[in-house]
2 protein chains.
Amino acid sequence: MNKPQVPDFLKNIRIVLARPSHPGNIGSAARAMKTMGLTRLYLVEPKVFPSDEANALASGAVDVLERATVVSSLSEALADVTVACALTSRRRELTTPLSTPRETTPELVARARDGEQVALVFGNETFGLSIEEVEQCNRLVTIPGNPDYFSLNLAMAVQVMTYELFSHTGVGVEYLRADGEAATQGEVEGLCGHLEQAMEEIGYFRRRNSERLMRRMRTLFNRSGLLRDEIDILRGFFKQVQRAADGSLKRDED
Amino acid sequence: MNKPQVPDFLKNIRIVLARPSHPGNIGSAARAMKTMGLTRLYLVEPKVFPSDEANALASGAVDVLERATVVSSLSEALADVTVACALTSRRRELTTPLSTPRETTPELVARARDGEQVALVFGNETFGLSIEEVEQCNRLVTIPGNPDYFSLNLAMAVQVMTYELFSHTGVGVEYLRADGEAATQGEVEGLCGHLEQAMEEIGYFRRRNSERLMRRMRTLFNRSGLLRDEIDILRGFFKQVQRAADGSLKRDED
């Protein structure tokens, strides 16, 4: 299976960092974005930008930093956006709908696919988003987590949100799966018959309930998701067992 | 709504870092774990541990580092484990089933709930897991992402996996929602009737199709998820509009 493409519509989803204090977080956020196919970063009044520290932490995602848009207010970053999600972990007195990333993402993906501009808005590391910033957004999103220790780092929050977005694009991991032909039920049945024969010939069923034993073995093989070449290995082994049982193995060795 | 509890069975899920090189990643991983309610960290031959750098990056999760178990081989970390998931981003020649975090997590949560021990195994930052390490696991898990830039930082991968686990515990974000009583359909209908009356009285329907306009307004209000106190504000405003229309507002001001 060929390597899939990152869907084009992800360019309609931007990450907005409002007043970030630590250059390292900007770099880590850029790296997190790129791992999940996002490229458009907006920085509202970053304390330090550009910087060597951000570039170092961005690793192979320096291109995201180079193309980042620096603006002086959140409203500039959101002017052409239809859905702006404010990431928050505090209880807010606003009645803007609050949901989890998993609940919100399908709508965001659908709108981006339709060509609308979508923004995920993250606040300052220490203070989060101000009430004025949250009011410029039309969704509140909270990442679920430990109610007693909700201390998700800024770039970690970006990683979780972008992971959630990517998981709804339909681009999976199938292309990484090892090849392997699944065995048919007929082949599994053939394996079980062969095992039964070998057990019989080697005297394994003496004083044992062969029916019950074979039922257990059949259940095991059915559950295991056998591949064709695994069956070949096992049947080769059973053949050798049969030869050992009838003495022909010994004669070969003479 | 009260703050929910972190489910107790999460203690049956451990994070195993095999041969981590950078102390900072150990600290960030501990912080990521704790944000998602996990506490049991195993370190297989860490290059440096304990360290000030790990403690600094752990932030409020130093307790996870203090209780971490350092072992000299992966098999020690997995001895009492029934399901061990190897996190990998490379194509492997192994036929161990490969799945995404979202596909795998429900089984992990169910087993942990039943008291089985579950492990998520992460490899070295540069080399990932060796084939010998992967062979000690019975699941392969790959986080989906950009096929052209799959450079997820170690602690970021821990954050994504633990987020995915936590999202299947059923502990949501409801307790963070602002209070607010949803309006009934009868109240919404009352609002629409009041608006229609006010529009009529103020002469807004002259040369306009009132039926079509009201249908649009009714659709808007139905979609908006109105709260009772928002209806009160709007009806207060409509009442004032009616007073303006009949001239009583002007008389008040005299």
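Residues numbered from 1 in each chain as written. Chains lettered and ligands numbered in written order. Predicted model: local features only at pLDDT ≥ 70, side-chain atom pairs only at ≥ 80, totals over all residues. Heavy atoms only, no water.

Visitor: Please give an account of the domain arrangement of chain A that cites residues and values.
Guide: If you check the domain split of chain A, you get domain 1 (8–175) and domain 2 (185–253). Put simply, the middle of domain 1 of chain A and the middle of domain 2 of chain A, counted by C-alpha atoms, are 57 Å apart. (Domains from an automatic or database assignment.)

Visitor: Provide a residue-level description of the side chain of T169(A), including the pertinent values.
Guide: All names here are of chain A. Looking at the element boundaries, T169 is found in the loop between α7 (154–167) and α8 (185–201). Taking relative accessible area as the criterion, T169 reaches 11% and is therefore assigned buried. Looking at T169, its side chain comes within polar contact range of the main-chain nitrogen of V171, at 3.2 Å. Those residues in contact with T169, other than ones at most four positions away along the chain, are P7, F9, L10 and R113. (Helix = DSSP H or I, 4+ residues; strand = E, 2+ residues; numbered from the N terminus. Buried < 20%, exposed > 50% of the residue type's maximum accessible area, 1.4 Å probe, protein only. Polar contact = N/O pair within 3.5 Å; in protein donor to acceptor, adjacent residues only side chain to side chain. Contact = heavy atoms within 4.5 Å.)

Visitor: An account of the UniProt feature "domain: tRNA/rRNA methyltransferase SpoU type" (unreviewed entry) in chain A is needed here, citing residue identities and associated values.
Guide: Those residues carrying the UniProt feature "domain: tRNA/rRNA methyltransferase SpoU type" (unreviewed entry) are residues 13–163 of chain A in this numbering. Note that residues 13–163 of chain A is 38% helix and 19% strand, and that its end C-alpha atoms are spaced 13 Å apart. (UniProt positions renumbered as here; feature names shortened; annotations may be inferred.)

Visitor: How would you summarise the relation of the copies chain B and chain A if you had to cite specific residues and measurements?
Guide: Overlay of chain B on chain A (RMSD 0.1 Å): rotation 180°, translation along the axis 0.1 Å. Both copies are brought into coincidence by an operation consistent with a two-fold rotation axis. Of all interface residues in chain B, 100% are interface residues in chain A too; the two copies therefore contact each other through one and the same surface. (Least-squares fit on C-alpha atoms with pLDDT ≥ 70 in both.)

Visitor: I'd like to hear about the sheet that holds strand β7 (residues 139–141) of chain A, residue by residue, with values.
Guide: Strand pairing in a sheet is mediated by backbone hydrogen bonds. Such pairs are either parallel or antiparallel. All names here are of chain A. The strand order across the open sheet formed by seven strands is β3-β2-β1-β6-β4-β7-β5, and the pairing between neighbours is parallel. Two strands in the sheet have a free side with no partner beyond their single neighbour: β3 (69–71) and β5 (98–99). Relative to strand β2 (residues 40–44), strand β1 (residues 13–18) runs parallel, the two sharing five bridges. By the bridge assignment, L17 is partnered in β2 with L43. (Pairing = 2+ DSSP bridges.)

Visitor: Requested: an account of the interface of chain B and chain A, with residues and values cited.
Guide: In this complex, chain B contributes 57 residues to the contact, which on the side of chain A involves 57 residues. A buried area of about 4,800 Å², summed over both sides, lies between chain B and chain A, and 59% of it is on carbon and sulfur atoms. On the chain B side of the contact with chain A, R91(B), Y149(B) and Y163(B) bury the most area, a combined 15% of that side's loss. On the surface where chain B and chain A come into contact, there are six salt bridges. Of the charged contacts, one joins R102(B) and E164(A) as a salt bridge, the two residues approaching to 3.1 Å between their closest N and O atoms. In this assembly, chain B and chain A are joined by 21 residue pairs in polar contact (both at pLDDT 80 or more). Within the residue set of the side of chain B that touches chain A, elements represented by two or more residues are α1 (23–35), β5 (98–99), α5 (101–113) and α7 (154–167) of chain B. Per-element tally for the side of chain B that touches chain A: the top contributor is α7(B), with eight residues. Tallied by class, residues from the side of chain B that touches chain A come to 26 nonpolar, 17 polar and 14 charged. (Buried area = accessible area lost by both parts, 1.4 Å probe. Salt bridge = Lys/Arg side-chain N within 4 Å of Asp/Glu carboxyl O. Nonpolar A, V, L, I, M, F, W, Y, C, P; charged D, E, K, R; others polar.)

Visitor: Outline helix α9 (residues 210–223) of chain A, listing residues and values.
Guide: One turn of an α-helix holds 3.6 residues; hence residues three or four places apart share an orientation. Residue and element names in this part refer to chain A. Taking 1.5 Å as the rise per residue, α9 with 14 residues should run 20 Å; its terminal C-alpha atoms sit 20 Å apart, in good agreement. The set of residues buried in α9 consists of L213, M214 and F221. Buried residues in α9, looked at end-on, bunch into an arc of 95°, giving them a common side. For α9, the exposed residues lying more than 90 degrees away from the buried face are E211, R216 and R223. Against α8 and α10 (228–246) lie the buried residues of α9. Where α9 begins, one side-chain oxygen reaches toward the backbone nitrogen of E211, 3.1 Å away; that side chain belongs to N209. Phi turns positive one or two residues past the end of α9, at G225, with a value near 60°. (Expected span 1.5 Å × (residues − 1). Arc of directions from axis to C-beta.)

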